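One letter stands for each residue in the lines below.
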Amino acid sequence: MTAAAFSFAAMSTIIRIVSENLAPLEIVFFRNLFALIFMVPWLLSNRFPKVSRENFSFIFARAAVGIIGMGLWFTALAYLPLADTVALNFTLPLFVLAGAAIFLNEHVGIRRWSATAI
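Worth saying up front: this structure is predicted, and the values here are computed from it rather than measured. Here the residue index of a chain counts from 1 through its sequence in written order. Confidence filtering applies because this is a predicted model: local features only for residues at pLDDT of at least 70, side-chain atom pairs given and counted only at 80 or more, and all residues used for totals across whole chains, interfaces and linings. Side-chain metrics rest on all non-hydrogen atoms present in the structure, leaving aside hydrogens and water.

Asks: How would you summarise helix α3 (residues 53-79) if you had to cite specific residues and measurements?
Replies: Here a strand is any run of E in DSSP of at least two residues, a helix any run of H or I of at least four, and the numbering for each starts at the N terminus. Expected helix span is computed as 1.5 Å times (number of residues minus one). Compared with an ideal rise of 1.5 Å per residue, which puts 27 residues at 39 Å, α3 spans 39 Å between its outermost C-alpha atoms and is within 8% of the ideal. Exposed residues in this analysis have more than 50% of their type's maximum accessible area, buried residues have under 20%, and partly exposed residues fall in between, with area computed by a 1.4 Å probe over protein chains only. Residues of α3 that are buried: Met70, Gly71, Trp73, Phe74, Ala76, Leu77 and Ala78. Packed against the buried residues of α3 are α1 (2-18), α2 (24-45) and α4 (82-89). Contacts were defined at the residue level, with two residues in contact if any of their heavy atoms lie within 4.5 Å.

Quick look at the structure:
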């Protein structure tokens, strides 16, 4: 967890510095390009795991939402103060709880809503 927190902090700082010379969407492109370079050996060793046609639309939607989210996150890092951007990122669990209750019909009890309010 400590290494992950350090890595995310380092990535946010690097994105902030690089955004002075590159557009946020270019940074998203290069981030995904370098991730692909590291993923190719895994894909080759697993012989390209099969994706069922039934789940393809869900996988595509998840990828699209992920790319859009990454683009918005990198744009926020480029244009907002770093402290404000990170503080906004900490509100993610609040939105996940509300989204799960609204869109997924998850049962969210009074204890979770109380913890969220606090």
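After that view, the rundown keeps rolling.
Asks: Got a sec to walk through the layout of surface pockets? Specific residues and values, please.
Replies: Within this model, the largest pocket holds a volume of roughly 790 Å³. Of the two site types, the cavity is a set of points on a 1 Å grid over the protein atoms alone where a 1.4 Å probe fits but cannot get out, and the pocket is an open set with protein on both sides within 12 Å along at least five of seven lines, each lined by residues with an atom within 4 Å of a point. Lining the largest pocket are 25 residues, and of these Gly69, Met70, Trp73, Asn89 and Leu92 sit closest to its centre. The element that contributes the greatest number of residues to the lining of the largest pocket is α3, accounting for eight residues. Gly counts as polar in this scheme, as do all residues outside two lists: the nonpolar Ala, Val, Leu, Ile, Met, Phe, Trp, Tyr, Cys and Pro, and the charged Asp, Glu, Lys and Arg. The residue inventory of the lining of the largest pocket, partitioned by class, reads 17 nonpolar, seven polar and one charged. Grid points are joined across faces, edges and corners, and a volume is the space filled by probe spheres set on the points.

Asks: Tell me about the environment of valine 86, and please be specific about residues and values.
Replies: Examined against the element boundaries, valine 86 turns out to sit in helix α4. In this structure valine 86 comes out as partly exposed when scored by relative accessible area, which is 29%. Through-space distance from the C-alpha of valine 86 to that of tryptophan 73 is 9.7 Å; in sequence the pair is 13 residues apart.

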